[in-house]
Amino acid sequence: RYDVVKVLPSRVFACRRVGACYSEDIFGSRPKVDEVVSGFFPWEHDHVLIADIQGILMELRPMQLDDWLAIYDQNVVGSEALSFLSLDMFNNEMPTQRAIQEELDLILKAKLSMKYANR
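What comes next concerns the included structure. (Residues numbered from 1 in each chain as written. Predicted model: local features only at pLDDT ≥ 70, side-chain atom pairs only at ≥ 80, totals over all residues. Heavy atoms only, no water.)

1. Considerations on the overall build of the protein
Reasoning step 1: Of the regular secondary structure elements, the protein holds four helices and four strands.
Reasoning step 2: The helix and strand sequence of the protein, counted from the amino end, reads β-β-α-α-β-β-α-α.
Reasoning step 3: On C-alpha atoms alone, the protein measures out to a radius of gyration of 18 Å, which is more than a quarter above the 14 Å that the 2.2 N^0.38 rule sets for 119 residues.
Reasoning step 4: Considering only C-alpha atoms, the protein reaches an extent of 65 × 40 × 25 Å along its principal axes.
Reasoning step 5: Across the 119 residues in the protein, those meeting the buried criterion constitute 23%.
Reasoning step 6: For the protein, the proportion of contacts with a sequence separation of at least 24, taken over those separated by at least 6, is 53%.
Reasoning step 7: Surface summary for the protein: the accessible area is close to 9,100 Å², and the carbon and sulfur share equals 58%.
Reasoning step 8: Where the 13 positive side-chain charges of the protein centre and where its 18 negative ones centre are 13 Å apart. (Helix = DSSP H or I, 4+ residues; strand = E, 2+ residues; numbered from the N terminus. Rg over C-alpha atoms; globule rule 2.2 N^0.38 Å. Buried < 20%, exposed > 50% of the residue type's maximum accessible area, 1.4 Å probe, protein only. Contact = heavy atoms within 4.5 Å. Areas by Shrake-Rupley, 256 points an atom, 1.4 Å probe, with all protein chains shown as cover. Lys, Arg positive; Asp, Glu negative; His and termini not counted. Charge placed at Lys NZ, Arg CZ, Asp CG, Glu CD.)

2. Points about the nonpolar core
Reasoning step 1: Formed by Leu 8, Val 12, Ala 14, Val 33, Phe 40, Trp 43, Leu 49, Ala 51, Ile 53 and Met 89, the largest nonpolar core amounts to 10 residues.
Reasoning step 2: Residue assignment for this core shows that the elements contributing at least two residues are strand 2 (12–17) and strand 3 (47–53).
Reasoning step 3: Of the residues forming this core, the biggest block, three residues, is contributed by strand 3. (Core = buried A, V, L, I, M, F, W, Y, C linked by side-chain atoms within 4.5 Å.)

These results come straight from atomic positions and should not be treated as a statement about function.
Dropping the structure here:
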């Protein structure tokens, strides 16, 4: 089971895995996810990123050097087209989870100010 720790944009969730203590033996250990992406610190060994992609729940793991080298070999050396899926979580105006949270905080403060001003 997974408990949601933080809701991120584009139906991505930072979760805490409860149980399945041997899953890292089968699938390998999870690298830490940077606070810029996850929006919180510290990233513990039982934290995971889960994405709801058209109703299918998938665990997201950060790319490692071996992953990037394999993609390079596939695309540049092997001239194969790459298949990928973008979740569009961040953009130039909202480049990090912190920027998104700051924007949400400003909106909430403005709404509260308007609520109290109208009393």
